[in-house]
Amino acid sequence: LAIDVAVPLDRAFSVFTEQFDRIKPRHHNLLAVDIAETVLEAEPGGRVYDRGVDGSICVFARVKVVEPPHRLVLAWLISPRWQIEDREDRVSEVEVRFSAIDDDHTHVELRHSGLARHGAGWESAASALSGEEGWPLYLHRFGQLGGT
């Protein structure tokens, strides 16, 4: 999946990593309460998590690689049953690559690989993630942020 955005490379990367709270829809929620914020800690070993309005936290990804402004790689911790996966051998990988088209435009490509490692049901998860409520929605919301 990919999108071209009308912002410079550095800006596209910083918007994606620093404003992930505005990219991830609130209704994508594994908590028992509403989400107050979504945090992406853009450093190797950082967490990607939702904080509930009651202070509870759900870590749903881990940052594996950060190469500003070109690449972000996450370990995806959500199983096909939409529960947190605690086995390291059963996580998949989300890679987001940013490349300059010119000084004012950036190509952003998102690849989610290794879903079969999640085990039974991975095909339905892959279908959901590639559907209109999955990664395409995230890229659309990212594109709407523009240079903000």
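The preceding data block contains the structure.
The structure reproduced in this document is the subject of the present report. These figures come from a predicted structure and were not determined experimentally. (Residues numbered from 1 in each chain as written. Predicted model: local features only at pLDDT ≥ 70, side-chain atom pairs only at ≥ 80, totals over all residues. Heavy atoms only, no water.)

## Section: the sheet that holds strand E6 (residues 92-102)
Right, so step 1: Read across the open sheet, the 7 strands follow the order E1-E7-E6-E5-E4-E3-E2; overall the sheet is antiparallel. Edge strands, defined here as strands with exactly one partner in the open sheet, are strand E1 (2-5) and strand E2 (35-40). Neighbour-to-neighbour, the strand axes of this sheet turn through a mean angle of 20°, independent of strand direction.
Right, so step 2: Sheet analysis places strand E5 (residues 71-76) next to E6, joined by 6 bridges and oriented antiparallel. By the bridge assignment, leucine 74 is partnered in E6 with valine 94.
Right, so step 3: Strand contacts of helix H4 (residues 135-145): E1, E5, E6 and strand E7 (105-113), with the helix running at about 5° to E1, the strand carrying the most contacts. (Pairing = 2+ DSSP bridges. Helix = DSSP H or I, 4+ residues; strand = E, 2+ residues; numbered from the N terminus. Axes fitted to C-alpha atoms, helices over the stretch in contact; angles between N-to-C directions. Contact = heavy atoms within 4.5 Å.)

## Brief notes about H4
Right, so step 1: The set of residues buried in H4 consists of Trp135, Leu137, Tyr138, Leu139, Phe142 and Leu145.
Right, so step 2: Positive phi appears at glycine 146, one or two residues downstream of H4, with a value of about 55°. (Buried < 20%, exposed > 50% of the residue type's maximum accessible area, 1.4 Å probe, protein only.)

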